[in-house]
Structure formats: C-alpha cells, structure tokens
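A closer look at the structure
Read off the chains here:
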Amino acid sequence: MRNEFWKHQTEALLLWPLAIVISTSMIVVGIILMCLIDLGAGGLVFCGTILLILALSILFSNKKILTKIEFSESGILLKRFNKNILYANWNEINEVTTTPFSRPITYLSFVSNKDKIDVELTKKMYDTIMTLCPNIYVKTQINNIERFKCFHKDDRK
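In what follows, the accompanying structure is described. Residue numbers run consecutively from 1 along every chain, following the written order of its sequence. Selection of residues for local features in this predicted model requires a pLDDT of at least 70, selection of side-chain atom pairs for listing and counting requires 80 or more, and totals for whole chains, interfaces and linings are taken over all residues. Only heavy atoms go into the side-chain values, all of them from the structure, while hydrogens and water stay out.

**Concerning the overall build of the protein**
Under the convention used in this document: Secondary structure elements are taken from DSSP: a helix is a run of H or I of four residues or more, a strand is a run of E of two residues or more, and numbering for both begins at the N terminus. We call a residue buried when its accessible area falls under 20% of the maximum for its residue type, exposed when it is over 50%, and partly exposed in between, using a 1.4 Å probe and counting protein chains only. Only heavy atoms enter the contact rule, under which two residues are in contact if any of them lie within 4.5 Å. For every accessible area listed, the method is Shrake-Rupley and the probe measures 1.4 Å; residues are considered covered only by the protein chains on display.
Along the protein, the regular secondary structure elements total 4 helices and 7 strands. In sequence order, the protein lays out its α and β elements as β-α-α-β-β-β-β-β-β-α-α. Considering the protein as a whole, with its 157 residues, one finds that 36% of them fall into the buried category. Restricting the contact set of the protein to residue pairs at least 6 apart, pairs at least 24 apart contribute 46%. For the protein, the exposed surface amounts to about 9700 Å²; the carbon and sulfur share of it is 62%.

Given below as structure tokens:
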C-alpha cells in the first residue's frame, strides 16, 4: 500500500496562485491604462512583470513547493517532478517533532541522522502513517504530540 500527498499543500494552493493572479492582474491593468490614458502606467506593468518573474522563479526553484511525499511500508519518499529527492527508512527516524508555522498550521518533522522531512499533517496522512509505519516508536511519538491528539480520539460518545 502506497499513498502520495502534496507537501505544504496549503501554501501551494493559496499563496502561489494568489501571487500569480495579483501580478498578472497588475500587468493587464497596466496595459489597459497605458492604452487608454498614457504611458504613465508603464510602472504598473514593470512591477507586475517583476513580481510575476519572482513568484515563478521561487515556485520552481524552492524544493519545498510542488513536492509530493509518499508513505510506504518501508519509509518516506520525497518526489519533485517525478524525481526522487530524499528517502528515509522508518527505522532511521530518530525523532518526531513539531514545527509551528502559523496558528492553524503545524508541521510534523521526521528527523533522521541524515535529513529532516517536514509535512503538514492531515487526518488522511495520520491514518496512512498509522497503517503503514512498522516502527512503534515513531507512532508513539506522533500520538504523544498534543497538537495531533484530535486525529486519534475515539469517535464513539
């Protein structure tokens, strides 16, 4: 059983499309104003172009964005554009910690001797990890994190 999830999906779904839409709209509004009024709106087109180039370069150069994480019985695999970036075996993981990003978002960090893998844990990821991970130590550490206690509460009342 293998399951893939987008890493940092909130950022990829909200921040980057918003940045691209805003910069593109600046370019379009600037071109319309240049055609209707005069060349004074060229600064708006210039700023929009710079912002669009900056957003696209960060989007494609940052290895955290547009990355998939695959959980399997053997370990955790990070992939970007179908190329394997990093692999951690469940037995190599020494520690599981949290990294607060913002109030509603907390990343779960799998720390091994070599690397650290951060994921924005969801209920679906939690269930997948609890199903696939053979390492009881990793499962126990995840269950002991206060922020994720809601994922393993008993649904019966």
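Picking up after the structure, the text goes on.
**Some words on the environment of Lys 63**
Checked against the element boundaries, Lys 63 lands in the loop between α2 (42-61) and β2 (67-71). In the structure, Lys 63 is positioned 22 residues away from Ile 85 in sequence and 9.0 Å away in space, judged by C-alpha atoms.

**Looking at the pattern of salt bridges**
Spelled out, the test is: One side-chain nitrogen of Lys or Arg within 4 Å of one carboxyl oxygen of Asp or Glu is enough to make a salt bridge.
Tallied over the entire structure, the rule returns 2 salt bridges. In this structure, the salt-bridge partner of Glu 70 is Lys 79, at a minimum N-O distance of 3.2 Å. The burial state of Glu 70 is the same as that of Lys 79; both residues are buried. Taking the shortest distance from any N to any O, the salt bridge between Glu 92 and Lys 114 comes out at 3.8 Å. Taken as a pair, Glu 92 in the loop between β4 (83-89) and β5 (93-100) and Lys 114 in the loop between β6 (106-112) and β7 (116-120) lie far apart in primary sequence, 22 residues in all.

**Description of the nonpolar core**
Counted only if it meets this: Only buried residues count toward a nonpolar core. Its members are Ala, Val, Leu, Ile, Met, Phe, Trp, Tyr and Cys residues joined through side-chain atoms within 4.5 Å.
In terms of nonpolar packing, the biggest core is built from 24 residues, with Phe 71, Trp 90, Phe 110, Ile 117 and Ile 142 touching the most fellow members. Contributing elements (two or more residues each) for this core: β2, β3 (75-80), β4, β5, β6, β7, α3 (123-132) and α4 (136-143). Sort the elements by how many residues they give to this core and α3 lands first, with 5 residues.

**Focus on the sheet that holds β2**
Applied cut-off: For two strands to count as paired, DSSP must find a minimum of two bridges between them. Helix axes are fitted to C-alpha atoms over the stretch in contact, other axes to C-alpha atoms as well, and angles between N-to-C directions run from 0 to 180 degrees.
Reading across the sheet, the 4 strands line up as β1-β2-β3-β4 and stay open at both edges, with antiparallel pairing between neighbours. Single-partner strands in this sheet number two, and they are β1 (3-7) and β4. Taking the axes of each pair of neighbouring strands and ignoring which way they run, one obtains an average angle of 25° across the sheet. The sheet contact formed by β2 and β3 spans 5 bridges and is antiparallel. Looking at β3, one finds that Thr 67 is bridged to Arg 80. Each of β1 and β2 is contacted by α3, which is oriented at about 140° to β1, the strand it contacts most.

**Section: the side chain of Lys 139**
Selection criterion: When charges are counted, Lys and Arg contribute as positive and Asp and Glu as negative, whereas His and the chain ends are disregarded. The term polar contact refers here to a pair of N or O atoms within 3.5 Å; inside protein, the definition further demands a hydrogen-donor-capable atom paired with an acceptor-capable atom, and it admits residues adjacent in sequence only when both atoms are side-chain atoms.
Position of Lys 139 relative to the elements: it lies in helix α4. The charged side chain of Lys 139 is buried without a salt bridge, its nearest counter-charge being Asp 127 at 11 Å. Here Met 130 takes part through its backbone oxygen, which lies 3.1 Å from a polar atom of the side chain of Lys 139. Setting aside residues no more than four positions away along its own chain, Lys 139 makes contact with Ile 129, Met 130 and Cys 133.

**Comments concerning the pairing of β3**
For β3, the buried fraction is high: 6 of the 6 residues fall into the buried class. Here β2 folds back onto β3 in antiparallel fashion, the turn holding 3 residues. Pairing of β3 with β4 involves 6 bridges; the strand directions are antiparallel. Its bridge partner lying in β4, Leu 77 is registered against Tyr 87. Two successive antiparallel strands, β3 and β4, enclose a turn made up of 2 residues, where Phe 81 displays a positive phi of approximately 50°.

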